[in-house]
Amino acid sequence: MLRSDAMHRRADQGWIEVICGPMFSGKSEELIRRVTRYRIGRVPTQTFKPSLDVRYAVGEVVSHSRLTTAAEPVADSAELLRAVEDRTVVVGIDEGQFFDEGLVDVASVLAGAGKKVIVAGLDLDYLGRPFEPIPSLMVRAEYVTKSLAVCHRCGGPGLFTQRVVDSDELVVLGATDAYEARCRRCYDPAEAVQTTLEVESA
Ligand code: ADP
Ligand code: MG
Ligand code: ZN
């Protein structure tokens, strides 16, 4: 009796998993893999993404390798919290870096309520700065996976997301052409700006 109660508590245990890294490092693939695995095991899942990310499809998470899973677009972390159903056990969240800072508390509340929260997102912005709320989420997570891409230039470990078009916007959406994965040797945050200056002086 006591033993089965203890086992029951363990099965009900919630936690936070973070999958971070640059663009093209397979974060969405890994999120889709983890969520799909639970879904095949008949564990109730829900997957969310920020509604500003409508790159390929409104109701889906789509990886660069075209894996997909159904996803509900939500405007912010408060809307996400309201949208999670009681019966849901696994909560997948893609593009976590596009959420507000409230995502850290929302993920913690959900994990405290026994849900397994899996968040994928960029840990660095295109200028190589910590991309909140992912770093804050990482220190509150039980499990952190750092994915690396292949450096588009030399094949080395791609840690950074290099913007290769000129824009000062923190978020340039829609164009995968606008970014490359780069290793620490090949990464140069000033590159996109330099390209523009060369064009102007030509
Ligand atoms: P993320 O969500 O981290 O941006 P995705 O899961 O959407 O990444 O896509 C990962 C896939 O992108 C890889 O499996 C591969 O097919 C493709 N890909 C394109 N460019 C690269 C690269 N430079 N390094 C690794 N994978 C790449
Ligand atoms: Mg992705
Ligand atoms: Zn390189």
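**Focus: the overall build of the chain**
1) Next: Scanning the chain from N- to C-terminus turns up six helices and 12 strands.
2) Next: When the 202 residues of the chain are sorted by exposure, 45% land in the buried category.
3) Next: At a minimum sequence separation of 6, the contacts of the chain that also span at least 24 residues come to 70%.
4) Next: For the chain, the exposed surface amounts to about 10700 Å²; the carbon and sulfur share of it is 53%.

**Remarks on the coordination of the zinc ion (ligand 3)**
Expected angles at a metal are 109.5 degrees for tetrahedral coordination by four donors and either 90 or 180 degrees for octahedral coordination by six donors.
1) Next: Around the zinc ion (ligand 3), the protein supplies C151 (SG), C154 (SG), C183 (SG) and C186 (SG) as donor atoms, at distances of 2.3 to 2.4 Å.
2) Next: Coordination at the zinc ion (ligand 3) is tetrahedral, judged from the four donor atoms that bind it and the angles of 104 to 117° they form at the metal.
3) Next: When the donor residues of the zinc ion (ligand 3) are listed from N- to C-terminus, their spacing reads C-x2-C-x28-C-x2-C.
4) Next: For C151, a relative accessible area of 4% translates into the label buried.
5) Next: When its relative accessible area of 48% is taken as the criterion, C154 is described as partly exposed.

**Observations concerning a negative patch on the surface**
1) Next: Together, D76, D100, E101 and E132 make up a region of like negative charge exposed at the surface.
2) Next: Assignment of secondary structure puts E101 in the loop between β6 (90-93) and α4 (102-112).

**Examining the site of ligand 1**
1) Next: Neighbouring ligand 1 are 14 residues; F24, K27, E29, H64 and V150 lie closest to it.
2) Next: K27 is positioned such that a nitrogen or oxygen atom in its side chain is 2.7 Å from an oxygen atom of ligand 1.
3) Next: H64 has a polar backbone atom sitting 2.7 Å from an oxygen atom of ligand 1.
4) Next: Coverage of ligand 1 by the protein chains reaches 75% of its 580 Å² of free accessible surface.

**Here we look at helix α2 (residues 27-40)**
1) Next: Helix length check: α2 (14 residues) gives 20 Å between terminal C-alpha atoms against 20 Å at 1.5 Å per residue, within 8%.
2) Next: Within α2 the residues assigned to the buried category are K27, S28, E30, L31, I32, R34, V35 and Y38.
3) Next: R42 sits one or two positions beyond α2 and adopts a positive phi of about 65°.

**Some words on the packing of aromatic side chains**
1) Next: Counting across every chain of the model gives three aromatic pairs.
2) Next: Taking 4.1 Å as the distance between ring centres and 5° as the angle between the ring planes, the aromatic pair formed by F160 and Y187 counts as stacked. Taken together, the positions of F160 in strand β11 (residues 160-163) and Y187 in the loop between β12 (179-182) and α6 (191-201) put the pair 27 residues apart, joining distant regions of the chain. Each member of the pair, F160 together with Y187, is buried.
3) Next: Sitting over the face of the ring of Y38, R37 holds its NZ or CZ atom 5.5 Å from the ring centroid.
4) Next: Against the face of Y126 rests R163, its NZ or CZ located 3.5 Å from the ring centre.

**Digging into the nonpolar core**
1) Next: Counting residues in each nonpolar core, the largest one holds 21 residues, and the members touching the most others are L80 and I93.
2) Next: Taken together, the elements giving at least two residues each to this core come down to β1 (15-20), β6, α4, β7 (116-121) and α5 (134-138).
3) Next: Residues contacting I93, with those up to four places away along its chain left out, are L31, F48, L80, F99, L103, V117, I118, V119 and A120.
4) Next: With eight residues, the next largest nonpolar core counts I19, V35, I118 and A120 among its residues.

**Some remarks on the environment of V58**
1) Next: Structurally, V58 can be placed in the loop between β2 (45-50) and β3 (60-62).
2) Next: Taking relative accessible area as the criterion, V58 reaches 52% and is therefore assigned exposed.
3) Next: In contact with V58, other than residues within four places in its own chain, are K49, A71 and P73.

**Thoughts on the sheet that holds β7**
1) Next: Read across the sheet, six strands follow the order β5-β2-β6-β7-β1-β8 without closing on themselves; strand pairing throughout is parallel. Looking along the sheet, the strands with just one partner apiece sit at the ends: β5 (72-74) and β8 (143-146). Between one strand and the next, the sheet's axes are offset by a mean angle of 20°, whatever the strand orientation.
2) Next: Across four bridges, β1 lies against β8 in parallel orientation.

What counts, and at which threshold
Residues numbered from 1 in each chain as written. Chains lettered and ligands numbered in written order. Predicted model: local features only at pLDDT ≥ 70, side-chain atom pairs only at ≥ 80, totals over all residues. Heavy atoms only, no water. Helix = DSSP H or I, 4+ residues; strand = E, 2+ residues; numbered from the N terminus. Buried < 20%, exposed > 50% of the residue type's maximum accessible area, 1.4 Å probe, protein only. Contact = heavy atoms within 4.5 Å. Areas by Shrake-Rupley, 256 points an atom, 1.4 Å probe, with all protein chains shown as cover. Donors = N, O, S within 2.8 Å, 3.2 Å for Na, K, Ca; no water. Tetrahedral: all angles 85-135°; square planar, octahedral: opposite > 155°, others 65-115°. Patch = residues over 30% accessible without salt bridge, like charges linked within 9 Å, V, L, I, M, F, W, Y side chains within 5 Å. Salt bridge = Lys/Arg side-chain N within 4 Å of Asp/Glu carboxyl O. Lys, Arg positive; Asp, Glu negative; His and termini not counted. Charge placed at Lys NZ, Arg CZ, Asp CG, Glu CD. Near = heavy atom within 4 Å. Polar contact = N/O pair within 3.5 Å; in protein donor to acceptor, adjacent residues only side chain to side chain. Expected span 1.5 Å × (residues − 1). Phe/Tyr/Trp six-rings, centres within 6.5 Å; stacked < 30°, edge-to-face > 60°. Lys NZ or Arg CZ within 6 Å of the ring centre and 35° of its normal. Core = buried A, V, L, I, M, F, W, Y, C linked by side-chain atoms within 4.5 Å. Pairing = 2+ DSSP bridges. Axes fitted to C-alpha atoms, helices over the stretch in contact; angles between N-to-C directions.

Note that all results are geometric; they support no functional claim without further evidence.
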